[in-house]
Number of protein chains: 2
Amino acid sequence: MTTRSFLMTHRHPRLTDAERTALNNAVAHVREVPARHVLVREGVPLSQCTLLTRGFIHRYKDTQDGRRQILALHIPGDFVDLHSYPLKRLEHSVAATTDVEIAVFPHQAIRELTLISPNLTELLWRSTLIDAAINREWLVSIGARSAAVRIAHLFCELRARMERVGMADEHGFELPITQVDLADATGLTPVHTNRMVRQLRDQKLVDFRDRRVVIHDLDRLIDFAQFDTGYLFFD
Amino acid sequence: MTTRSFLMTHRHPRLTDAERTALNNAVAHVREVPARHVLVREGVPLSQCTLLTRGFIHRYKDTQDGRRQILALHIPGDFVDLHSYPLKRLEHSVAATTDVEIAVFPHQAIRELTLISPNLTELLWRSTLIDAAINREWLVSIGARSAAVRIAHLFCELRARMERVGMADEHGFELPITQVDLADATGLTPVHTNRMVRQLRDQKLVDFRDRRVVIHDLDRLIDFAQFDTGYLFFD
DNA sequence: CGGCCGATTGATGGACATCAATGGGAGTGG
DNA sequence: CCACTCCCATTGATGTCCATCAATCGGCCG
């Protein structure tokens, strides 16, 4: 499977063909993992990274009192835990949200990439920082936005990211996560999440049902959600 | 001033003397900036990074409805916006919380460092990722912890980080920020923040007053705050 | 068919927000 | 040296958003 292009490298026209090839060759193997499987457990020393090629993955942290905070939702094309390369371990866990297919990059292979190409290194570094920018936007959402806006904002973000990899258009996208997941991502209870989802539906802003997000009027949703793509660094 | 060691490189014994020197030589100049001065505005193209050498800096984002979410608090020794190097711009703003002294690193100088030393590159990369880990812990705090615990947790974090640079001990530390800042960092209103600060004081867990955090029993505070240093990657 | 999970809805409670006012300390100008 | 102002801390009263508790329903699967 190493003949296949795992990374959306067309987004990075500055990469040379050699760099592109090296990147694809860094994949040790491809693996399928069933939904809910925990890929990485908090604190465990790691020696490889995961690129998601199919399905959804989330990163999360459990608190002492039994709550779960989802820190990130990943879509195909995302380097889920590239930050484990410089950090050596993660301070959170990683799990498959749905059945997934992943490409495994040994840390050693990434190290070799960084040795041959500062350019590629910067690309990878940048990728981990865009993840961090998304973390910060979620911080703004949870800290300063109302429940309904928070949910709408997340839908906008996921739509924008998924559109980028051809999995969404202005009318919506498949989102195979539960309302419980959505609640854990937005810092709300499942019950209140359900009510807010209903409210957004009633207001005809966005309809999340049957694992699918349907958008009636994207501009109106974006306006409601106070959404600005800037933090996704699509440039 | 380039003879002075700006980075806490003793924390990274793997660096060679040459690397250490190169890092220190990458400083273009040192500058003083008064409290409240905005160092970086959201979205503006950047060509340099800032290392904080004295005082406090915060990173924040203003929302449409006039709220401010503080995304990070920085203490001396922190590379405040190193992520602007791979990202070229920031999606948030950066401001001096107090009067500060900063060391300026041109992106070009950082680029040269990355060309001569993959080792150093990884150190810098790692530094930006630890910042991201802190972002995520704040996400857990705001999303899943009560107001009082949230505040206590932030005090624990700052204490641990400041102890590392000799600015705190088990009994407390100077924290020259206002309750309004604390509120904006924790996603609470200043009024409720004030009540929680008082409650923490009454419970003799931690006393934040007169720009100083006084801790009676650190173990008890850590326990109350559900604080675990793991995410700070002190290893 | 029974059991389980996720979605849904109602009733109630509580944590935190909002509104409003006072007080104190620091800086400024008369 | 004393008003005056401004910012920050503080407190009370009230309101509301979201949490909690509890129950039902539907679909899926063994």
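Residues numbered from 1 in each chain as written. Chains lettered and ligands numbered in written order. Predicted model: local features only at pLDDT ≥ 70, side-chain atom pairs only at ≥ 80, totals over all residues. Heavy atoms only, no water.

For chain A, the name recorded in an unreviewed UniProt entry is CRP-like cAMP-binding protein, with Stakelama pacifica as its organism.

Participant: How do you make sense of the protein's contact with DNA strand D when you look at a structure like this?
Facilitator: Near DNA strand D there are 17 residues, and of these T189 of chain A together with R36, Q179, N194 and R198 of chain B occur at the shortest range. The share of sugar and phosphate among atoms of DNA strand D within 4 Å of the protein is 70%. The separation between a sugar or linking oxygen of DNA strand D and a polar side-chain atom of H192 of chain A is 3.4 Å. For DNA strand D, a base nitrogen lies 3.0 Å from a polar atom in the side chain of R195 of chain B. Mapped by element, the contributors of at least two residues to the surface near DNA strand D are α7 (190-202) of chain A together with α6 (179-186) and α7 (190-202) of chain B. No other element matches the 5 residues that α7 of chain B contributes to the surface near DNA strand D. The residue inventory of the surface near DNA strand D, partitioned by class, reads 5 nonpolar, 7 polar and 5 charged. (Near = heavy atom within 4 Å. Polar contact = N/O pair within 3.5 Å; in protein donor to acceptor, adjacent residues only side chain to side chain. Helix = DSSP H or I, 4+ residues; strand = E, 2+ residues; numbered from the N terminus. Nonpolar A, V, L, I, M, F, W, Y, C, P; charged D, E, K, R; others polar.)

Participant: How should empty space enclosed by the protein be read in this particular structure?
Facilitator: Left-over empty space is what a probe sized like a water molecule reveals as it rolls over the atoms. All names here are of chain B. Going through the model one piece at a time under the given rule, you end up with 6 cavities of 30 Å³ or more. Considered as a void within the structure, the largest cavity measures approximately 80 Å³ in volume. Taken together, W138, S141, I142, R150, H153, L154, E157, A185 and T186 form the lining of the largest cavity. For the lining of the largest cavity, the leading source of residues is helix α5 (residues 147-164), giving 4 residues. (1 Å grid on protein atoms, 1.4 Å probe; cavity = no way out; pocket = protein on both sides within 12 Å on 5 of 7 lines; lining within 4 Å. Points joined across faces, edges and corners; volume = space filled by probe spheres on them.)

Participant: Would you take a moment to explain the nonpolar core for this structure?
Facilitator: Core analysis: the largest hydrophobic core is formed by 88 residues, its most contacted members being L175 of chain A together with L175 of chain B. Apart from the residues within four sequence positions on either side, L175 of chain A is in contact with F56, F155, L158, F208, R211, R212 and V213 of chain A. Counting 48 residues, the second-largest nonpolar core is a separate cluster that includes I110, I130 and F233 of chain A together with L87 of chain B. (Core = buried A, V, L, I, M, F, W, Y, C linked by side-chain atoms within 4.5 Å. Buried < 20%, exposed > 50% of the residue type's maximum accessible area, 1.4 Å probe, protein only. Contact = heavy atoms within 4.5 Å.)

Participant: Help me understand the packing of aromatic side chains in this model?
Facilitator: Any aromatic ring pair is given by two values, namely how distant the centres are and how the planes are angled relative to each other. Residues and elements named next belong to chain A. All told, the structure shown has 8 aromatic pairs over all chains when counted by the stated rule. A ring pair is formed by F227 and Y231, whose centres lie 6.0 Å apart and whose planes are at 85°; its orientation type is edge-to-face. For the residue pair F227 and Y231, the accessibility class agrees, reading buried in each case. Across from the ring centre of Y85, 5.2 Å away, lies the NZ or CZ of K88, which sits over that ring. (Phe/Tyr/Trp six-rings, centres within 6.5 Å; stacked < 30°, edge-to-face > 60°. Lys NZ or Arg CZ within 6 Å of the ring centre and 35° of its normal.)

Participant: Could you clarify how one ought to interpret the domain arrangement of chain A in this entry?
Facilitator: How big an interface is tends to be stated in terms of the accessible area lost upon association of its parts. Residue and element names in this part refer to chain A. Entries for chain A in the domain assignment read domain 1 (9-137) and domain 2 (145-232). Taking only C-alpha atoms into account, the centre of domain 1 sits 24 Å from that of domain 2. Opposite the 16 residues of domain 1 that make contact, domain 2 presents 21 residues. Note on domain 1 versus domain 2: buried area summed over both sides is about 1800 Å², and carbon and sulfur give 60% of it. It is F56, L73 and E137 in domain 1 that bury the most area against domain 2; as a group they hold 31% of the surface buried on that side. Where domain 1 meets domain 2, there are 4 salt bridges. Put simply, R68 and D181 hold a salt bridge, and the shortest N to O gap is 2.8 Å. Breaking the side of domain 1 that touches domain 2 down by element, the ones donating at least two residues are β5 (68-74) and α4 (118-144). No other element matches β5, which puts 5 residues into the side of domain 1 that touches domain 2. (Domains from an automatic or database assignment. Buried area = accessible area lost by both parts, 1.4 Å probe. Salt bridge = Lys/Arg side-chain N within 4 Å of Asp/Glu carboxyl O.)

Participant: In this structure, what is going on with the pattern of salt bridges? I would like to understand it.
Facilitator: Side chains that differ in charge, positive against negative, can pair when their charged atoms come close. Evaluation of the coordinates by the stated rule reveals 36 salt bridges over all chains. R209 of chain A is the salt-bridge partner of D207 of chain A, the closest N and O atoms lying 2.7 Å from each other. Between R59 of chain B and D131 of chain B there is a salt bridge, with its nearest N and O atoms 3.4 Å apart. Remark: D131 of chain B occurs in helix α4 (residues 118-144) and R59 of chain B occurs in strand β4 (residues 57-62); sequence separation between them is 72 residues. Take R59 of chain B: its relative accessible area is 1%, and that puts it in the buried class. Ionic contacts of the salt-bridge type, sharing partners, join the residues K61 of chain A together with E137 and R145 of chain B into one network.

Participant: Would you explain the pairing of β4 of chain B in this entry?
Facilitator: Along any regular strand, the residues point their side chains to alternate faces of the sheet. Residue and element names in this part refer to chain B. Where burial is concerned, most of β4 is hidden: 5 out of the 6 residues are buried. As paired elements, β4 and strand β5 (residues 68-74) share 6 bridges and run antiparallel to each other. Each bridged residue has a counterpart across the sheet, and for K61 the counterpart in β5 is Q69. If you look at the hairpin formed by β4 and β5, you'll find 5 residues sitting between the two strands, and G66 has a positive phi there, around 85°. Both β4 and strand β6 (residues 93-96) contribute to a ladder of 4 bridges, which runs antiparallel. Looking at the pairing, R59 lines up with V94 of β6. (Pairing = 2+ DSSP bridges.)

Participant: Would you mind showing me how to read the environment of I102 of chain B here?
Facilitator: Residues and elements named next belong to chain B. Looking at the element boundaries, I102 is found in strand β7 (residues 100-106). By relative accessible area, I102 is classed as buried at 1%. Taking the C-alpha atoms as reference, I102 lies 30 Å from V140; in sequence the two are 38 residues apart. Leaving out residues up to four positions away in the same chain, I102 has contacts with H29, V30, R31, V33, L39, T50, L51, L52, T53 and I57.

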